[in-house]
Amino acid sequence: QGRNWMALALLAPGSRTSSTGATAPLPDRNGGEVREFQLNMDGQQISSELGAGNQPKFSQDSIAEFQFISNRFDATQGRSSGVQVNVITKSGTNALSGLFRTNFQSDKFNAEDPVVGRKLAISNQQYSTALGGPVLLNKLHYYGNFEYERAPLASVWTTPYPAFNIELDGKFSRKIAGARVDYQVTGNTRLMGRVSGSQSYTPFGAGSATAHPAATIDAAEHNREYLGSLTQVLSNRAVNEVKGGYSHYGFENNTLVT
C-alpha cells in the first residue's frame, strides 16, 4: 500500500512496528524514532536524523534487494541504536528492459462518511516507469526510473462551531526519480555513479474537531543523493573500494494564514 517497499520488512523476524506517529519509512521502537533506524543505499547512509519530518523517498522499481538487520551489527554498518536496512539499487544489464505501471484509488468505490454524511473525495493516481540496458555490451550499462503520484485532497473541519467548519481543497503531489551508470573498466575494475531524489507537497493538514482551520499547515519535503564508487579486485584475498557521495533531506512547513 502506497508503494512503500519498506513494508516488506514487516515480514522479517524482529520487526516490531507501530504505525502511530511513525516518521521513518520503517517504524521501529518509539513510533519511528530516527536515531533507532538507519538506511544505507549502496553503502551510503541516507536516512534523515533531523528528529522531525519524514524520511527520503525512493521508488520500489529502483530497488534490487534489501537486508533487514534487527540483531547486533558491526560498527562499519553505522550508528543506529535499533535496526539497520541495507539496500542495493538496480543496475542495467546487456538486455534492454523497461516497465510502466499505474495504480489508482477512487471514491466511486466508497461508502458515505458517517460523520459528514457524504462521500469524501478520493482520486489518487500513481505512475511509475523505468528503463535499463547496455551502452556498450559487457562494459557500460544504465538504469533510470521516474515515479509520479497525485491526489486531490479535501479536509473537513467538524468543530462544535459551524462557522469554523470550512472545507479545504487542494492536491497532493510527489515526484521520485533516479539514475545509475555502471562501467566495467577491466575485468578487475568497476566504476559506478548514482543520482536520486524526490519532491512532494501536501497543501494542508487533516481536518479536526478540536482545532481552528487557520491552524493547519502545508508540508513540502525533498531529498537528493549522489554517489560514486571505484571497486578494484587486487587479488584473491584483497579488494579495494573508494566511495564519495552527498545526501540531503529537507522539509518546510508554512501556515495557510499570515
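The structure under discussion appears in the preceding block.
In this text, all values refer to a predicted model and were calculated from it rather than measured experimentally.

1. Comments concerning the pattern of salt bridges
No. 1: Enumeration according to the criterion identifies seven salt bridges in this entry.
No. 2: Residues D182 and R180 are paired through a salt bridge, measuring 2.9 Å at the closest nitrogen-oxygen approach. In this pair, the class of D182 matches that of R180, namely buried.
No. 3: Between D182 and R190 there is a salt bridge, and its shortest N-O distance comes to 3.0 Å.
No. 4: D182 gets classed as buried once you look at its relative accessible area, which sits at 9%.

2. Examining the sheet that holds strand β1 (residues 37-41)
No. 1: Pairing in this open sheet of four strands is mixed, and the strands run β2-β1-β4-β3 from one edge to the other. The sheet terminates laterally at β2 (44-45) and β3 (63-69), the two strands that pair on one side only.
No. 2: In terms of strand pairing, β1 meets strand β4 (residues 83-89) through five bridges, oriented parallel. Counted as the bridge partner of Q38 is Q84 from β4.

3. Considerations on the sheet that holds strand β8 (residues 167-184)
Hydrogen bonding along the main chain pairs the strands of a sheet, whether they run parallel or antiparallel.
No. 1: What the seven strands build is an open sheet, ordered β5-β6-β7-β8-β9-β10-β11; its pairing is antiparallel. Strand pairing shows two members of the sheet lacking a second neighbour, β5 (97-106) and β11 (238-255), which therefore form its edges. Going across the sheet, the axis of each strand differs from the next one's by a mean of 5°, ignoring polarity.
No. 2: Bridge count for strand β9 (residues 189-202) against strand β10 (residues 217-235) is 14 bridges, and the pairing is antiparallel. Note on β10: the bridge partner recorded for Q199 is H222.

4. Quick look at the pairing of β1
No. 1: Here β1 lies mainly inside the structure; five of its five residues are buried.
No. 2: Because side chains alternate across β1, one face comprises the buried residues F37, L39 and M41, and the other comprises Q38 and N40, equally buried.
No. 3: In the sheet, β1 pairs with β2 via two bridges, with the strands oriented antiparallel. The residue bridging M41 from the neighbouring strand is Q44, located in β2.

5. A look at the side chain of H141
No. 1: By the secondary structure assignment, H141 is in strand β7 (residues 140-156).
No. 2: In terms of polar contacts, H141 uses its side chain to reach the side chain of N94, at 2.8 Å.

6. Details of the environment of D218
No. 1: Examined against the element boundaries, D218 turns out to sit in strand β10.
No. 2: The spatial distance from the C-alpha of D218 to the C-alpha of A52 is 15 Å, given a sequence separation of 166 residues.
No. 3: Among all residues touching D218, those that are not within four sequence positions of it are Y201, T202, P203, F204, E252, N253, N254 and L256.
No. 4: Within the structure, the side chain of D218 is placed 3.2 Å from the side chain of Y201, a separation counted as a polar contact.

7. A closer look at the pairing of β9
Consecutive side chains of a regular strand alternate in pointing toward one face of the sheet and then the other.
No. 1: In this structure, β8 lies alongside β9, joined through twelve bridges in antiparallel fashion. Residue pairing for β9: I176 is matched across the bridge by S198.
No. 2: In this antiparallel pair of consecutive strands, β8 and β9, the connection spans four residues.

8. Things to note about a nonpolar patch on the surface
No. 1: A cluster of nonpolar side chains, contributed by V195, Y226 and Y246, occupies part of the molecular surface with about 290 Å² of accessible area.
No. 2: Mapped onto the secondary structure, Y226 falls in strand β10.
No. 3: On the basis of relative accessibility, which here comes to 41%, the residue Y226 falls in the partly exposed class.

9. Observations regarding the environment of V87
No. 1: Mapped onto the fold, V87 is located in strand β4.
No. 2: Along the primary structure V87 and Q67 are separated by 20 residues, whereas in three dimensions their C-alpha atoms are 6.5 Å apart.
No. 3: Not counting residues up to four positions away in its chain, the partners in contact with V87 are W5, L39, N40, M41, D42, I63, E65 and F66.

10. Comments concerning the packing of aromatic side chains
No. 1: One pass over the structure, following the stated rule, counts four aromatic pairs.
No. 2: Ring centres of W5 and F66 lie 5.4 Å apart, and the angle between their planes is 65°; on these two criteria the pair is classed as edge-to-face. Taken together, the residues span a long stretch of sequence, with W5 in the segment before β1 and F66 in strand β3 at a distance of 61 residues.
No. 3: On the accessibility criterion, W5 (7% relative accessible area) is buried.

Conventions and cut-offs
All chains use their own residue numbering, which begins from 1 and follows the written sequence. Side-chain atom pairs in this predicted model are given and counted only at pLDDT of 80 or more, local residue features only at pLDDT of at least 70, and totals for whole chains, interfaces and linings cover all residues. Excluded from the side-chain calculation are hydrogens and water; included are all heavy atoms of the structure. The salt bridge criterion pairs a side-chain nitrogen of Lys or Arg with a carboxyl oxygen of Asp or Glu, the two atoms within 4 Å. Any residue under 20% of the maximum accessible area for its type is buried, any over 50% is exposed, and the rest in between are partly exposed; the area is computed with a 1.4 Å probe on protein chains only. Criterion used throughout: strands pair if DSSP finds at least two bridges between them. For the purposes of this entry, the term helix denotes a DSSP run of H or I that reaches at least four residues, the term strand denotes a run of E that reaches at least two, and both are numbered from the N terminus. For every element, the axis is a line fit to its C-alpha atoms; helices are fit only across the contacting stretch, and the angle between N-to-C directions ranges from 0 to 180 degrees. Residues adjacent in sequence count toward polar contacts only when both atoms are side-chain atoms; beyond that, a polar contact is any pair of N or O atoms within 3.5 Å, and within protein one must be able to donate a hydrogen and the other to accept it. The criterion used for residue contact is that any of the two residues' heavy atoms lie within 4.5 Å. Residues enter patches when their relative accessible area tops 30% and they take part in no salt bridge; the joining distance is 9 Å for like charges and 5 Å for the nonpolar side chains Val, Leu, Ile, Met, Phe, Trp and Tyr. Only the protein chains shown count as cover for residues, and the accessible areas themselves come from Shrake-Rupley with a 1.4 Å probe. Pairing of aromatic side chains here covers Phe, Tyr and the six-membered ring of Trp, requires ring centres within 6.5 Å, and sorts the geometry by plane angle: under 30 degrees stacked, over 60 edge-to-face, intermediate tilted.

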